[in-house]
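Architecture and fold: a report
What follows is the residue order along each chain.
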Amino acid sequence: QVQLVESGGGLVQTGGSLRLSCTASGRSFSSYVLVWFRQATGKERERVASIVTTTGTTYYADSVKGRFTISSDNAKNMVYLQMNSLKPEDTAVYYCAARQLTKRDYNYWGQGTQVTVSA
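Quick caveat, the model's predicted, so the values are computed rather than measured.

Our next topic: the nonpolar core. The tendency in soluble globular proteins is for nonpolar side chains to be buried as a group. With 28 residues, the main nonpolar core has Trp-36, Leu-81, Met-83 and Tyr-94 as its most contacted residues. Contributing elements (two or more residues each) for this core: β3 (18–25), β4 (32–39), β5 (46–52), β7 (68–73), β8 (78–83), β9 (92–100) and β11 (113–118). If we ignore the near neighbours within four places in the chain, the residues touching Tyr-94 are Glu-6, Leu-20, Trp-36, Phe-37, Arg-38, Val-48, Phe-68, Leu-81, Met-83, Gly-112, Thr-113 and Val-115. Ranked by size, the runner-up nonpolar core spans five residues in total, among them Val-33, Val-35, Phe-37 and Val-52.

Written out as structure tokens, the structure reads:
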């Protein structure tokens, strides 16, 4: 059974940092795209950052460029999101997801972890 489990969320003040982790189990994620999404209350889901496991190619939403860093440890099947200089508008539930490199649909999703940034 494939599972993605996020951890590391919490409450932080503006300007603070958090590191989210996503543990993937149940299969190899070679040739996958691992992605962090977020969804704030009343807003649409936003793709925050992604990484291609085979090449290390990354993507960042404009809203987080220069503040967030995505990384992966392929040997451990883990993906991380280092979030620095956090702002209240970063408050959301953050989800880890995975899709095959050659597919468009995300096969696997985590349950989400809440990140709250106080003003």
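Let's shift gears to the packing of aromatic side chains. If you walk through the whole model with that rule in mind, you get six aromatic pairs. Geometrically, the ring pair formed by Phe-29 and Tyr-108 is edge-to-face, given 5.9 Å between the ring centres and 80° between the ring planes. Taken together, the residues Phe-29 in the loop between β3 and β4 and Tyr-108 in strand β10 (residues 108–109) connect sequence positions 79 residues apart. According to the relative accessible area criterion, Phe-29 is buried, its value standing at 3%. A connected cluster of aromatic rings, assembled from ring pairs, spans Phe-29, Tyr-32 and Tyr-108.

Below, the discussion takes up unusual backbone geometry. The residue Asn-77 is not glycine, and still its phi comes out positive at about 55°. Topologically, Asn-77 is positioned in the loop between β7 and β8. In this structure, Ser-85 is a non-glycine residue whose phi angle is positive, near 50°. Mapped onto the elements of the fold, Ser-85 is located in the loop between β8 and β9.

Rules of the game
Residues numbered from 1 in each chain as written. Predicted model: local features only at pLDDT ≥ 70, side-chain atom pairs only at ≥ 80, totals over all residues. Heavy atoms only, no water. Core = buried A, V, L, I, M, F, W, Y, C linked by side-chain atoms within 4.5 Å. Buried < 20%, exposed > 50% of the residue type's maximum accessible area, 1.4 Å probe, protein only. Helix = DSSP H or I, 4+ residues; strand = E, 2+ residues; numbered from the N terminus. Contact = heavy atoms within 4.5 Å. Phe/Tyr/Trp six-rings, centres within 6.5 Å; stacked < 30°, edge-to-face > 60°.

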